[in-house]
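Observations on the three-dimensional arrangement
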Amino acid sequence: MSTSSNPGPEDHDAMSPWERQVLADIERELATSDPHLARTFNGRGRRRAIASRWPVSLPATGLLLAGLLVLVLIGALLPASWWAVLGVVTALVVVPWLLLAATEKNGRG
């Protein structure tokens, strides 16, 4: 459904030409002051925006996955009586990774 850009007498929410001009000026100022934001709005930075949703860097994620794989292999070889210890070690691997994810995410912004 398309809406008219010219406000009618019953259309109280439509923008006036002055309001559209002010918004266009704000958009131009943002585009010149922050090119990354302008690329994101235009869709050219969409791939990077999607990639930046992952909370941690690729090396940190690879290190976590490698560590968990090693712990799973060790768990398969250990008797069930040692699984509690393995659970503690797994927590010692995952919790620092989560903290790293939080600090990296806050450090980027």
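Residues numbered from 1 in each chain as written. Predicted model: local features only at pLDDT ≥ 70, side-chain atom pairs only at ≥ 80, totals over all residues. Heavy atoms only, no water.

**A closer look at the confidence of the model for the chain**
- Mean pLDDT over the chain stands at 76; residues scoring 70 or higher make up 72%.
- When mean pLDDT is compared element by element in the chain, helix H1 (residues 17-33) scores highest at 87, while helix H3 (residues 46-51) scores lowest at 53. (pLDDT = per-residue confidence, 0-100. Helix = DSSP H or I, 4+ residues; strand = E, 2+ residues; numbered from the N terminus.)

**Description of helix H4 (residues 58-77)**
- Its 20 residues place the ends of H4 29 Å apart at the C-alpha level, agreeing with the 28 Å of an ideal helix rising 1.5 Å per residue.
- Taken together, the buried positions of H4 are occupied by Ala60, Thr61, Leu64, Leu71 and Gly75. Down the axis of H4, the smallest arc covering the buried residues is 100°, so these residues share one side. Set apart from the buried face of H4 by more than 90 degrees, the exposed residues are Leu58, Pro59, Leu63, Leu65, Leu69, Leu73, Ala76 and Leu77. (Expected span 1.5 Å × (residues − 1). Buried < 20%, exposed > 50% of the residue type's maximum accessible area, 1.4 Å probe, protein only. Arc of directions from axis to C-beta.)

**So, the pattern of salt bridges**
- A full pass over the atoms with the stated rule returns 1 salt bridge.
- Ionic pairing is found between arginine 28 and aspartate 25, a salt bridge with its closest N-O pair at 2.2 Å. Taken as a pair, arginine 28 and aspartate 25 lie in helix H1 at a separation of 3 residues, close to a single helical turn.
- Given a relative accessible area of 47%, arginine 28 falls into the partly exposed group.
- Judged by relative accessible area, which is 27%, aspartate 25 ranks as partly exposed. (Salt bridge = Lys/Arg side-chain N within 4 Å of Asp/Glu carboxyl O.)

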